[in-house]
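Analysis of the macromolecular model
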Amino acid sequence: MNKILTITVPSYNAENYLLETIPTMLSVSNPEKLEIIIVNDGSKDNTLAVAQQLKENYPETIVIVDKENGGHGSTINSGIKIATGKYFKVVDADDWIESKNLSELIYYLEKCNDDEVISPFVKVYTDKNTEEIYSYKPKLNQKTYQYDDFLSEINELPKMHAICIKTEILQENNIQIDENCFYVDLEYNVFPMPYIKTISYFELPIYRYRLGSPTQSVSMSSYIKNIKMHEKVLFSLIHFYNSYQNISDIQRKLLESLISDVIETHTNIFLLRNDVKSSKQEFIDFIYRVDEVFHEFREGRKIRLLRMSKFNLFYILSFYLKVRNSLF
């Protein structure tokens, strides 16, 4: 039977998560229409052995890719390359899904022919034991939207956790994201944009996104440790923006906003590093490089203050930000 949905599961040292994550996918009422690609990214624990046991139990559903470590982007690229489902989705190994809702999504995708399908997702804050639904529900209640119309409705670019995209779009247009690098979900959200014409909204939340761990790549300690990776992705987005031909007004607006937000995050990383003197000079160099290639930069308040002070306020802002962060 033809597969309707391929879920690629990037897995690095994920033995403690896979036995929680994969069963939430296998519990669907229509597993014969689901393909799960577990990509072992050079794990040093028993991730591969766990994946192999799962495949033995579900040989018609689970596919294993065992590869050298290449980072999150390499696992997504590997999944795209071999996916056979009509639609493609990424679910990280330490996250999970709503099984019943996934069953309904697969039925929906079987009948759907839109290039992309968006659904809400749930942010699960494990440190606070709280949850928050992140929704993109448009004001209009249409079955199918033109891509630009939908973007105008929600006024943002959908995140990886919300996205199902036609596999043929990714494969035929050779969508590749950076390897050996964190934060490439931003590239995954953006790079297929030129090829998406129609989009629809599935109202049930599918993805449950785990947050609150200090070891996650989106924690500030990880941002500081991996500042070069964050910068690499930022300039990849800028390069895409500058190379993107025939961009519509709404796509241009939302890309500018996304890139400006990433620059703001990068500014905070510089301000929160311990070596303030070297961080200041590196930040000045960084801003000058941004100015050379991204003229549509919408500066936040911090960057405006730093420019106005000829960057002399860097030390004060750094101290203030560190004190404020220590209170939370």
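Everything in this summary refers to the structure shown in the same document. (Residues numbered from 1 in each chain as written. Predicted model: local features only at pLDDT ≥ 70, side-chain atom pairs only at ≥ 80, totals over all residues. Heavy atoms only, no water.)

Thoughts on the overall build of the protein
The condition is simple: Here a strand is any run of E in DSSP of at least two residues, a helix any run of H or I of at least four, and the numbering for each starts at the N terminus. Burial classes: relative accessible area under 20% of the type maximum marks a residue as buried, over 50% as exposed, and values in between as partly exposed (1.4 Å probe, protein chains only). Residue contacts follow a heavy-atom distance rule, with two residues in contact if any of their heavy atoms lie within 4.5 Å. By the counting rule applied here, Lys and Arg register as positive and Asp and Glu as negative, while His and the ends of each chain are not counted. By convention, the charge on Lys lies at NZ, on Arg at CZ, on Asp at CG and on Glu at CD.
For the protein, the helix and strand inventory stands at 13 helices and 12 strands. Structurally, the protein occupies a C-alpha span of about 65 × 45 × 35 Å along its principal axes. Here the protein holds 328 residues, and 55% of them are scored as buried. Considering only contacts within the protein whose residues lie at least 6 apart along the sequence, 79% involve residues at least 24 apart. Seen as two clouds, the 37 positive and the 45 negative side-chain charges of the protein have centres 6 Å apart.

Some words on the sheet that holds strand β5 (residues 96-97)
Selection rule: Strands are treated as partners if at least two bridges between them are detected by DSSP.
With mixed pairing, four strands are arranged side by side in an open sheet as β5-β12-β7-β8. Among the strands making up the open sheet, the edge pair consists of β5 and β8 (130-134). Relative to strand β12 (residues 207-211), β5 is paired through two bridges, and the arrangement is antiparallel. Within β12, the residue paired with tryptophan 96 across the bridge is arginine 208.

Comments concerning the side chain of lysine 3
The condition that has to hold: Just to be clear on terms, a salt bridge is a Lys or Arg side-chain nitrogen sitting within 4 Å of an Asp or Glu carboxyl oxygen.
For lysine 3, the position within the fold is in the segment before β1 (5-11). No salt bridge is formed by the buried lysine 3, whose closest oppositely charged neighbour, glutamate 60, lies at an N-O distance of 6.0 Å. Setting aside residues up to four positions removed in sequence, lysine 3 forms contacts with Pro31, Glu32, Lys33, Leu34, Glu35, Glu60, Thr61, Thr84, Gly85 and Lys86.

Let's talk about helix α3 (residues 72-82)
Here α3 lies mainly inside the structure; nine of its 11 residues are buried. His72, Gly73, Ser74, Thr75, Ile76, Asn77, Ser78, Gly79 and Ile80 are the residues of α3 that are buried.

A word on the environment of serine 103
Here serine 103 lies in helix α4 (residues 99-111). Residue serine 103 is classed as buried on the basis of its relative accessible area of 5%. For the pair serine 103 and tyrosine 195, spaced 92 residues apart in the sequence, the C-alpha separation amounts to 27 Å. The contacts of serine 103, once residues within four sequence positions are left out, are Val28, Ser29 and Asn30.

Considering the packing of helix α9 (residues 227-243) against helix α11 (residues 276-293)
Think of two packed helices as two axes; the pair is described by the angle between the axes and how far apart they sit. Spelled out, the test is: Interaxial angle, 0 to 180 degrees, is taken between N-to-C directions of lines fitted to C-alpha atoms, where a helix line uses only the stretch in contact. Convention used here: angles under 35 degrees read as roughly parallel, angles over 145 as roughly antiparallel, angles from 65 to 115 as roughly perpendicular, and any remaining angle as oblique. Left-handed is the label given to a crossing in which the near helix is rotated counterclockwise from the far helix by less than a right angle, and right-handed is the label when the rotation is clockwise. Any residue outside Ala, Val, Leu, Ile, Met, Phe, Trp, Tyr, Cys, Pro, Asp, Glu, Lys and Arg is labelled polar, Gly included; the first ten of those are nonpolar and the last four are charged.
The N-to-C vectors of α9 and α11 enclose an angle of 15°; their axes lie 11 Å apart at closest approach. Overall, the two elements α9 and α11 adopt an arrangement that is roughly parallel. For the element pair α9 and α11, the recorded crossing hand is right-handed. Along its contact with α9, which presents Glu231, Leu234, Phe235, Ile238 and Asn242, the element α11 presents Phe286, Arg289, Val290 and Val293. Residues that form the contact of α9 with α11 fall into these classes: six nonpolar, one polar and two charged.

What about the nonpolar core?
Most often, soluble globular proteins have nonpolar side chains that are buried together. Quick note on the threshold: Among buried residues, the Ala, Val, Leu, Ile, Met, Phe, Trp, Tyr and Cys ones that are joined through side-chain atoms within 4.5 Å form a nonpolar core.
Core analysis: the biggest nonpolar cluster contains 105 residues, and Leu5, Ile22, Met25 and Leu102 have the highest contact counts within it. For this core, the element with the most residues is helix α10 (residues 249-272), which contributes 11 residues.

Points about the pairing of strand β4 (residues 87-90)
On β4, burial covers both faces: Tyr87 and Lys89 on one face and Phe88 and Val90 on the other are all buried. Taken together, the four bridges between β1 and β4 define a ladder with parallel strand orientation. Across the sheet, residue leucine 5 finds its bridge partner in β4, namely tyrosine 87. Examined bridge by bridge, β4 and strand β10 (residues 163-166) share two bridges and lie antiparallel to one another. Among the inter-strand pairings, phenylalanine 88 is bridged to a residue of β10, identified as isoleucine 165.

Describing the packing of aromatic side chains
The cut-off we apply is this: Planes of paired rings set the category: under 30 degrees apart is stacked, over 60 is edge-to-face and the rest tilted, where pairs are Phe, Tyr or Trp rings (Trp by its six-membered ring) whose centres lie within 6.5 Å. Both a distance and an angle decide whether a charge sits over a ring: NZ of Lys or CZ of Arg must be within 6 Å of the ring centre and within 35 degrees of the ring normal.
Enumeration over the complete set of coordinates arrives at 18 aromatic pairs. Taken together, a centroid distance of 5.0 Å and an interplanar angle of 50° make the contact between phenylalanine 240 and tyrosine 244 tilted. Following the ring pairs from residue to residue traces out a cluster consisting of Phe235, Phe270, Phe283, Phe286, Tyr288, Phe311 and Phe314. In this structure, lysine 128 packs its charged tip against the face of tyrosine 125, placed 5.8 Å from the ring centre.

Observations regarding the pairing of strand β7 (residues 121-125)
Among the five residues of β7, four are classified as buried, and the element is accordingly described as predominantly covered. Pairing of β7 with β8 involves five bridges; the strand directions are antiparallel. Within the sheet, the bridge partner assigned to valine 122 lies in β8 and is isoleucine 133. Here β7 folds back onto β8, and the loop between the two strands holds four residues, one of which, asparagine 129, carries a positive phi near 55°. Here five bridges tie β7 to β12, and the two strands are oriented parallel to one another. Bridging from a neighbouring strand, valine 124 pairs with arginine 210 of β12.

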